[in-house]
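What follows is each chain in one-letter form.
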Amino acid sequence: MLAPKSKLSRRKFLQAAAITGGSALLAACAPAATPAPAKPAEPAKPAAPAAPAGGKATELRMAWWGSQDRHDRTIKVIDLYMKKNPNVKITYEFAGFADHLTKMTTQAAGNQLPDIMQQDYAWIAEWAGRGLIIPLDNFASSGALNFKDVSEDFLKGGRVGGKLVAVNLGSNSQCFSCDQGDFEKTGLALPKDDWTWDDFEKTSMTIKEKAGKWAVHGLYGEQLWKSLYLSLGEWSYATDGTAIGYKDDAPFVNYLKMLLRLQKANAIPSRSEDLASFDGKSVEQQPLAVGKAAMDSHWSNQVVAVQKAAGDSRTIKMVPLPRPAGGKSSNYIKPSQFFSVTRDSKAPEEAAKFIDFFTNDIEANDILFAERGVPIAGKVREAMIPKLGKAQKEMFDYVARVSKIAEPIRPADPPGHADLVKNVFNPQVIDAVMFEKAKPEDAAALLRKEVNAVLAKNKK
Amino acid sequence: MASSIRKKNFKQNNWMGYFFIGPWLLAFLAFTLLPMAASLYFAFNDYSSLDSLDKARWIGLQNFERMFFNDNKYWKSVGATLYYVIFAIPLRLTMALGLAMLLNTGRNGVSFYRAAFYAPSIVGGSIAVAVMWRQVFGTEGLFNAAIRLLGLPTRTWLGDPDYAIWTLIALAVWQFGSPMLIFLAGLKQIPTEFYEAASIDGANGVRKFISITLPLLSPVIFFNLIMQMISGLMVFTQAFIITGGAPLDTTLFYALYIYRRAFENFQMGYASAMAWVLLIIIAVFATIVFKTSNQWVYYESKEE
C-alpha cells in the first residue's frame, strides 16, 4: 500500500523536476539565442550587418587591469575599432591589478589566455621565458604593427632576449614630486635636474626644520635600490638575471644609513608609521597629496592623480631622482605597461593590428588621453600636446626632459624578483634596518646572499 | 514477492538518495577531493602555477627539504602562527566563557545581549571588519584617540613589530561569539540542584565555578578548544588585509605564507607541500589535545 503510493509521488516528483529543470535550462539558453546578446558582445551589434559579405568575423579577447577611468577609455577605443573594422569582434575583461594577475595565471594554466593581455615590466621576462607571450617582430616587419614613428628607446623595454614580446603603452620615469609652495616657504629653490643624494639629504633636513612637516615620503621601496646602482653604471640584477648585478654594497649601505638619519630626524615617516598608515594606499592618500610631506617618490604618470588630489591651490613640480656625487642619472624611461599577444591567440595578426591602432591612431589616443603614460608615437604626442591640462603638461615636459639624460633601460626583472621583494627586501632588509634589528652592512650582505640564491635558479 | 518489492524499493531509495546528494557530491569531488589530490601530487613536484600541468617536474622530497632546512621565513611563519594560537585562543575562550556565564544568569534582556555579542563573529572573518580594524588601530584611529584621552603615549600599532600581532589577537578575542553560544548551551545543561546543594554546604562563587561548572563543562571546553585551535592555525584573512605579514614578518601567518608562495610567487608545488605539512601540524595538535583529554575532560555518562 505504502510502496506504490510513494513510488507514484516520486515519479511525479521526478517528472516535475525534469520539467522545471528543463524549462530553466531553456530559459537560460533563450537570451543567448536571440540576436541581441548580453553586455560584453553588445558593441558587435552594429557590426553584424556588414560581416556576412566578408565571411566570418575574427574574434579577439582582451584583458587589462586599471582604474574605472582606464576601463571607460579602453572600452570606448575598442568600440571605435570595431566600428572601423566590422570584421573584428573584440570581447574584453578587466579587473584591478592583483585580480588581473590571478585571472591571467589561472587562464595560463588552462591554456585559455586572451588574445591580447596587458603586461607589466616586472613579469614580461617570466611570461616570455615560459612561452606564454609570443614575439611580434614578424608583425613589425610586415607592417601590421607600424613603429616608423616610434623611437627604439620606447620599444626597448618590451624586448626580451632581443625579441619584441610586448608593446609599450606609454612612457614613464621615476621622479620626486615637489610641492612648489613648500619650497617657496622654506626659501629653497626647486632641486636641479642633476642634484645629488647629499643635496637631497640637506634639502630634506631643511624642509623638516622650516616647514615642520615631513620632507619626503616613499623612500622604502625597491625601485630606489635599483636606481641607485643604475647611476653607477650597474643594476640591481645581472644582465642575464642569474645573480646580483653590483660589486659593492657600500652605496646601498650609505643609502640605508641616510634613511636612518632621516628617520631619526623625523624628516620622513618612520617605517612603522609608513606601514601603519601609507603602505598599500593609493597615491591620492599618501603624504604629498594630503599635504603632510613636501616631496614624494612617484612614477611620472601618477602625478596627474596627485595634482588632482592636491587641488588647484597647490602646484606639484617634478624633478629627477638624485644621483651620487659624480654619478650618472638615476633615471630611465620605463614602459608603464604593455600589450602582449599570447600563445593561445588564434588570430595573432589581427591582435597585432589592434595594438597598432592603439599605438598610432590619433582619434583613439584622444580617448585614451595619455592615461597609461606619455604615448610612444611621435605624431600622437604632437597632436595631444595642445590639449593637455596643467599636470599632464608637467608630465609630458618631465618625460621629454628626462629622456635626454636618462640611462638606458635595464633588462626586465628576472623571474624571482617578486619573491625577493616581498620575502627578502621589505621584511629582512628595510624592516630589519629601520627597526634597528640589523646593521645596514649585514642587511645589504643578506640581500646579496638571498638574491644570488633565488636567481641561481634562472641559470640554464 | 514482498522481499522483491522491498529490494526494488531499496534500490530506488538508493537512487533517490544519490539524486539528492548528487549536487553536493559532484561539487565535493570537483572542488574539494580533486584539488586535494592534485595538491598532494604537486607537493612532490616543482610546479609553477604559470605553467600548464604537463610542465610539473617530480622532485621527490625537495620541497620539504627546502621548507625545513633552507627557508628561514618558513620557521618565522610557524613561530608567528603558534604565538597567535597560544595567546589568541585561550583569551578568546576565556572571554567567551566569562560572557556566557554572565548571560546565563537569567537577567532581563539576555537574548538581546546574546545576539549583540554574537554579531562580531558573524562579520568577524570578513574583509569589511579587517578594513575597519585597520582604521581603528591606525595612527589617527579610534584606539589611539582613546589612549590620548587617557593621557597615555600613542603608538603606530600596525607598524610596530612588538604590537602588530596583538592587534590581530585583539580581533580574534573580539570574535568570541560562536564559542560563547556553545558555552551557553553547555551551561544550561548543568542541573541547578548542584549549585543549590553547594550553596547549602556554604560554597562560594569561585568554589562552585571550580568544582561544579568547570568539570561539568569540560566536554564543551574540549570541543571549543579543538575547533578554535584548528581555525586559529588556519588564520588568514585578518593578517592578509590588516598587516600583510609586516612588520619584520611578525604577522606572516602560515596560511598567508602559503598564499604568497602559491599566488604571488607562483610556486604552487612548494605551497602545496607547505599546506600538507600544515594539515599534519593540525592533526598532531588535535591528537595531543585528544590524548590528554582523559586527564581533564569529565563525562558524566562514563561514571555510570
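Reading the values: the criteria
Residues numbered from 1 in each chain as written. Chains lettered and ligands numbered in written order. Predicted model: local features only at pLDDT ≥ 70, side-chain atom pairs only at ≥ 80, totals over all residues. Heavy atoms only, no water. Helix = DSSP H or I, 4+ residues; strand = E, 2+ residues; numbered from the N terminus. Rg over C-alpha atoms; globule rule 2.2 N^0.38 Å. Contact = heavy atoms within 4.5 Å. Areas by Shrake-Rupley, 256 points an atom, 1.4 Å probe, with all protein chains shown as cover. Lys, Arg positive; Asp, Glu negative; His and termini not counted. Charge placed at Lys NZ, Arg CZ, Asp CG, Glu CD. Pairing = 2+ DSSP bridges. Axes fitted to C-alpha atoms, helices over the stretch in contact; angles between N-to-C directions. Domains from an automatic or database assignment. Buried area = accessible area lost by both parts, 1.4 Å probe. Salt bridge = Lys/Arg side-chain N within 4 Å of Asp/Glu carboxyl O. Polar contact = N/O pair within 3.5 Å; in protein donor to acceptor, adjacent residues only side chain to side chain. Patch = residues over 30% accessible without salt bridge, like charges linked within 9 Å, V, L, I, M, F, W, Y side chains within 5 Å. Nonpolar A, V, L, I, M, F, W, Y, C, P; charged D, E, K, R; others polar. Buried < 20%, exposed > 50% of the residue type's maximum accessible area, 1.4 Å probe, protein only. Phe/Tyr/Trp six-rings, centres within 6.5 Å; stacked < 30°, edge-to-face > 60°.

**Here's the deal with the overall build of chain B**
1) Next: Looking only at helices and strands, chain B has 14 helices and two strands in total.
2) Next: Its C-alpha radius of gyration of 25 Å places chain B more than 25% over the 19 Å reference for a compact globule of 304 residues.
3) Next: Its C-alpha atoms give chain B principal-axis dimensions of about 85 × 75 × 35 Å.
4) Next: Restricting the contact set of chain B to residue pairs at least 6 apart, pairs at least 24 apart contribute 69%.
5) Next: A total of about 16,800 Å² of accessible surface is found on chain B, and carbon and sulfur atoms cover 68% of it.
6) Next: Of the side chains in chain B, 22 bear a positive and 16 a negative charge, and the two mean positions are spaced by 7 Å.

**Notes on the environment of A412 of chain A**
Residue and element names in this part refer to chain A.
1) Next: Looking at the element boundaries, A412 is found in the loop between α16 (390-405) and α17 (417-434).
2) Next: A C-alpha to C-alpha distance of 7.6 Å links A412 and V160, two positions 252 residues apart in sequence.
3) Next: If we skip the residues at most four places from it in the chain, A412 touches Y121, I124 and A125.

**Structural notes on the sheet that holds strand β8 (residues 174-179) of chain A**
Residue and element names in this part refer to chain A.
1) Next: The sheet built from four strands is open, its strands ordered β9-β10-β8-β11 with mixed pairing. Every other strand in the sheet has two partners, leaving β9 (214-217) and β11 (316-319) as the edge strands with one partner each. The average angle at which neighbouring strand axes cross in this sheet is 25 degrees, direction not considered.
2) Next: Along the sheet, α16 contacts β8 and β11; its crossing angle with β11, the most-contacted strand, is approximately 10 degrees.

**Quick word on the domain arrangement of chain A**
Residues and elements named next belong to chain A.
1) Next: Taken domain by domain, chain A consists of domain 1 (56-171 + 334-405) and domain 2 (174-331 + 416-458).
2) Next: Summing both partners gives a buried area of about 1,400 Å² for domain 1 against domain 2, and 61% of it is carried by carbon and sulfur.
3) Next: The largest per-residue losses of area from domain 1 upon contact with domain 2 belong to E394, Y398 and I405, which jointly make up 38% of the total buried on that side.
4) Next: Put simply, domain 1 and domain 2 have two salt bridges between them.
5) Next: Among the salt bridges present, the one from E394 reaches K317, with a minimum N-O distance of 3.5 Å.
6) Next: Inspection of the region where domain 1 meets domain 2 yields seven residue pairs in polar contact (both at pLDDT 80 or more).
7) Next: If one sorts the elements of the side of domain 1 that touches domain 2 by residue count, α16 sits on top with 10 residues.

**Description of the sheet that holds strand β6 (residues 167-168) of chain A**
Two pairing modes exist for strands in a sheet, parallel and antiparallel, and in both the strands are linked by backbone hydrogen bonds.
Residue and element names in this part refer to chain A.
1) Next: With mixed pairing, the five strands of this open sheet are ordered in space as β2-β1-β3-β13-β6. Taken across any chain shown, the strands that pair with only one partner, and hence form the sheet edges, are β2 (88-95) and β6.
2) Next: Of the strand pairs in this sheet, strand β3 (residues 116-119) and strand β13 (residues 338-341) are connected by four bridges, and their pairing is antiparallel. Paired with Q119 across the two strands is F338, which belongs to β13.
3) Next: Against the sheet, helix α3 (residues 97-109) makes contact with β1 (58-65), β2 and β3, and its axis sits at roughly 120 degrees relative to β2, the strand it touches most.
4) Next: Along the sheet, helix α13 (residues 348-360) makes contact with β1, β2, β3, β6 and β13, crossing β13 at roughly 165 degrees.

**Describing a nonpolar patch on the surface**
1) Next: Residues Y18, I21, W24, L25, L29 and L33 of chain B make up a contiguous nonpolar surface patch of about 610 Å² in total accessible area.
2) Next: Within the secondary structure, W24 of chain B sits in helix α1 (residues 2-42).

**Let's talk about the interface of chain A and chain B**
1) Next: Contact with chain A, which involves 31 residues of that partner, is made by 37 residues of chain B.
2) Next: A buried area of about 2,900 Å², summed over both sides, lies between chain A and chain B, and 52% of it is on carbon and sulfur atoms.
3) Next: There are two salt bridges connecting chain A and chain B.
4) Next: Viewed at the interface, chain B and chain A are joined by 14 residue pairs in polar contact (both at pLDDT 80 or more).
5) Next: Only α1 (2-33), α3, α4 (121-129), α11 (271-278) and α17 of chain A provide two or more residues apiece to the side of chain A that touches chain B.
6) Next: Of all the elements, α17 of chain A adds the most residues to the side of chain A that touches chain B, at eight residues.
7) Next: Class assignment of the residues belonging to the side of chain A that touches chain B gives a composition of 14 nonpolar, six polar and 11 charged.

**So, the pattern of salt bridges**
All names here are of chain A.
1) Next: Inspection of the entire model under this criterion finds 31 salt bridges over all chains.
2) Next: For E93, the salt bridge identified is with R61, shortest N-O distance 3.4 Å. Placement of the pair is E93 in strand β2 and R61 in strand β1, with a sequence separation of 32 residues.
3) Next: For R61, a relative accessible area of 26% corresponds to the partly exposed category.

**Structural notes on unusual backbone geometry**
All names here are of chain B.
1) Next: At L248, a position not held by glycine, the phi torsion is positive, near 55 degrees.
2) Next: On the secondary structure map, L248 appears in the loop between α11 (237-242) and α12 (254-264).
3) Next: Residue L248 is classed as buried on the basis of its relative accessible area of 11%.
4) Next: One non-glycine residue with positive phi stands out, namely F266, at about 60 degrees.
5) Next: Along the chain, F266 turns up in the loop between α12 and α13 (268-296).
6) Next: Looking at F266, the relative accessible area reads 9%, which means it is buried.

**A closer look at the packing of aromatic side chains**
Aromatic ring pairs are defined here through the distance separating the ring centres and the angle between the ring planes.
1) Next: For the structure shown, the criterion picks out 53 aromatic pairs over all chains.
2) Next: Between F176 of chain A and F200 of chain A, the aromatic rings sit 5.1 Å apart at their centres with planes inclined by 40 degrees, giving tilted as the arrangement. Pair noted here: F176 of chain A is in strand β8 and F200 of chain A is in helix α8 (residues 197-211), with a separation of 24 residues, a long-range link. Like F176 of chain A, the residue F200 of chain A is buried in the burial classification.
3) Next: With a centroid separation of 5.6 Å and 20 degrees between ring planes, the pair formed by F44 of chain B and W58 of chain B is classed as stacked. You can see F44 of chain B sitting in the loop between α1 and β1 (45-46) and its partner W58 of chain B sitting in strand β2 (residues 57-58), a full 14 residues away along the chain.
4) Next: A relative accessible area of 22% places F44 of chain B in the partly exposed class.

**What to know about the pairing of strand β10 (residues 293-299) of chain A**
All names here are of chain A.
1) Next: Counting buried positions along β10 gives seven out of seven residues, so the element sits mostly inside the fold.
2) Next: For β8 and β10, the ladder comprises five bridges, and the chain directions are antiparallel. Bridge assignment links F176 to a residue of β10, and that residue is S297.
3) Next: Both β9 and β10 contribute to a ladder of three bridges, which runs parallel. By the bridge assignment for β10, H217 is matched with D296.

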